[in-house]
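Chain by chain, the residues:
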Amino acid sequence: EVQLVESGGGLVQPGGSLRLSCAASGFTFSSYDMIWVRQAPGKGLEWVSAINSGGGTTYYADSVKGRFTISGDNDKTTVYLQMNSLKPEDTAVYYCVCIGVWGQGTLVTVSS
């Protein structure tokens, strides 16, 4: 079964950091691009970041550029989203998506 499982969300103060993980089962990212999207409370989906199948090219939304870093492990089974300098407006459920498969999401809350 093809599955994505996110983890690493939680409550953090403004200016803090979190690292989200997205673990794949049933496939690897070696041949597919991987993206992170988020949905803030009461808002629509927002594309956040992407990494290409080779892992050599990354993309970021302007809203997170310079603060977030996407990366993948050597086995191409886990993708990470390192989030630094978090802001209250980063509060959202974060999803990883690959080849049309969505994870269950992990909630990030940035609040003092």
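Heads up: the structure comes first, above all this text.
Residues numbered from 1 in each chain as written. Predicted model: local features only at pLDDT ≥ 70, side-chain atom pairs only at ≥ 80, totals over all residues. Heavy atoms only, no water.

### As for the packing of aromatic side chains
The following threshold applies: What counts as a ring pair is set by centres within 6.5 Å for rings of Phe, Tyr and Trp (its six-membered ring), and what kind of pair is set by the plane angle: stacked under 30 degrees, edge-to-face over 60, tilted for all other angles. We call a residue buried when its accessible area falls under 20% of the maximum for its residue type, exposed when it is over 50%, and partly exposed in between, using a 1.4 Å probe and counting protein chains only. Think of it as a cone above the ring: NZ of Lys or CZ of Arg counts as a charge over the ring if it is within 6 Å of the ring centre and within 35 degrees of the ring normal.
Under the counting rule described, the total for this entry stands at three aromatic pairs. Consider the rings of Tyr95 and Trp102, whose centres lie 5.7 Å apart with planes at 70 degrees: the pair is edge-to-face. When its relative accessible area of 18% is taken as the criterion, Tyr95 is described as buried. Cluster of aromatic residues (ring-pair linked, three or more members): Phe27, Phe29 and Tyr32. It is Arg19 that lies over the ring of Tyr80; its NZ or CZ is 4.1 Å from the centre.

### Topic: the state of the cysteines
Put simply, the test is: To count as a disulfide, a pair of cysteine sulfur atoms needs to be within 2.5 Å. Each helix is a run of H or I in the DSSP string that is no shorter than four residues. Each strand is a run of E no shorter than two, and both are numbered from the N terminus.
Within this structure, the stated rule accounts for one disulfide. The disulfide partner of Cys22 is Cys96, and the gap between their sulfur atoms is 2.0 Å. Negative torsions about the S-S bond denote left-handed disulfides, and the value of about 70 degrees found for Cys22 with Cys96 makes this one right-handed. Residue Cys22 is located in strand 3 (residues 18-25), and its partner Cys96 is located in strand 9 (residues 92-98); the two are separated by 74 residues in the primary sequence. As far as the burial class goes, Cys22 and Cys96 line up, both buried.

### Side note on the nonpolar core
Nonpolar side chains tend toward joint burial in soluble globular proteins. To be explicit about the condition: Residue types Ala, Val, Leu, Ile, Met, Phe, Trp, Tyr and Cys, when buried and joined through side-chain atoms within 4.5 Å, form a set referred to as a nonpolar core. Any two residues whose heavy atoms approach within 4.5 Å at even a single point are treated as in contact.
One finds Leu4, Phe29, Met34, Trp36, Leu81, Met83 and Tyr94 to be the most contacted residues of the largest nonpolar core, which totals 29 residues. At the level of secondary structure, the elements contributing two or more residues to this core comprise strand 3, strand 4 (34-39), strand 5 (45-51), strand 7 (68-72), strand 8 (78-83), strand 9 and strand 11 (106-110). If we skip the residues at most four places from it in the chain, Met34 touches Cys22, Phe29, Ser49, Ala50, Ile51, Ile70, Val79, Cys96, Val97 and Cys98.

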